[in-house]
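Structure assessment
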Amino acid sequence: MGFFDFFKSKEEKEDKIVARTPLNLQIGDIVEYDLIEYKVIGKIYYEEGGYKWYDYHISDGKNNLWLSAEEDDELEVGLFKKLDSGDELYSKLQEKIPNKITFNNQAYSLIEEGNANIMVEGQVGAKTGQRIRYWDYEASNGEQVSVEKWVNELEISIGQEVKKSLLEYYPGK
């Protein structure tokens, strides 16, 4: 401990800011993408058989997006926008979730499916302890469709993986 450290309060010593990454964002942090700043307003932590990933609900005050982050051999980060519940894809997927879907004249193939337990913080529209069923689809151009079944309700999002270099993360506190 240096001489001046003696004069710092206990809070100053304990309140060190940790650099943010897509795997440790907190409510109130800022995510910058394409020169737009989004505030993290919610966080979902998914866990399936020891494997975990995150979805962050981010908002710029006008638009709400979901930032997805998972470590799967390497860090994968994607941005998704929830489809309006009136979209025809909802009615197509109510009865059965197929291995291939078509959305906006684009063919998507199922790349992953499973069940996960969740923990939540902030504004996400879900509760900790819920178990969800999910299906992830991908098109040849890299666009993705994410389908999640929450109890008896579907949530469908469209997005794609983004270059990590296009994202900046700032602690909110």
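Residues numbered from 1 in each chain as written. Predicted model: local features only at pLDDT ≥ 70, side-chain atom pairs only at ≥ 80, totals over all residues. Heavy atoms only, no water.

Some details on the pairing of strand 11 (residues 167-170)
To keep it simple, the criterion reads: Buried residues are those whose accessible area, probed at 1.4 Å on protein chains only, stays under 20% of the maximum for their type, while exposed residues exceed 50% and partly exposed ones sit between those limits. Secondary structure elements are taken from DSSP: a helix is a run of H or I of four residues or more, a strand is a run of E of two residues or more, and numbering for both begins at the N terminus. DSSP bridges decide pairing: two strands pair if at least two such bridges lie between them.
Residues of strand 11 alternate between two faces, with Leu167 and Tyr169 buried on one and Glu168 and Tyr170 left unburied on the opposite face. Summarising the sheet, strand 1 (residues 30-33) and strand 11 pair through four bridges and their orientation is antiparallel. Across the sheet, residue Glu32 finds its bridge partner in strand 11, namely Glu168.

Points about the pattern of salt bridges
Note the following rule: We define a salt bridge as a side-chain nitrogen of Lys or Arg found within 4 Å of a carboxyl oxygen belonging to Asp or Glu.
Applying the stated criterion across every chain, the model contains four salt bridges. With a shortest N-O distance of 3.3 Å, Glu88 and Lys92 are connected by a salt bridge. Of this pair, Glu88 and Lys92 both sit in helix 2 (residues 88-93), four residues apart, which is roughly one turn of that helix. Residue Arg133 pairs with Glu113 through a salt bridge whose shortest N-O separation is 2.6 Å. Placement of Arg133 in strand 8 (residues 131-138) and of Glu113 in strand 7 (residues 106-122) is noted, with a sequence separation of 20 residues between them.

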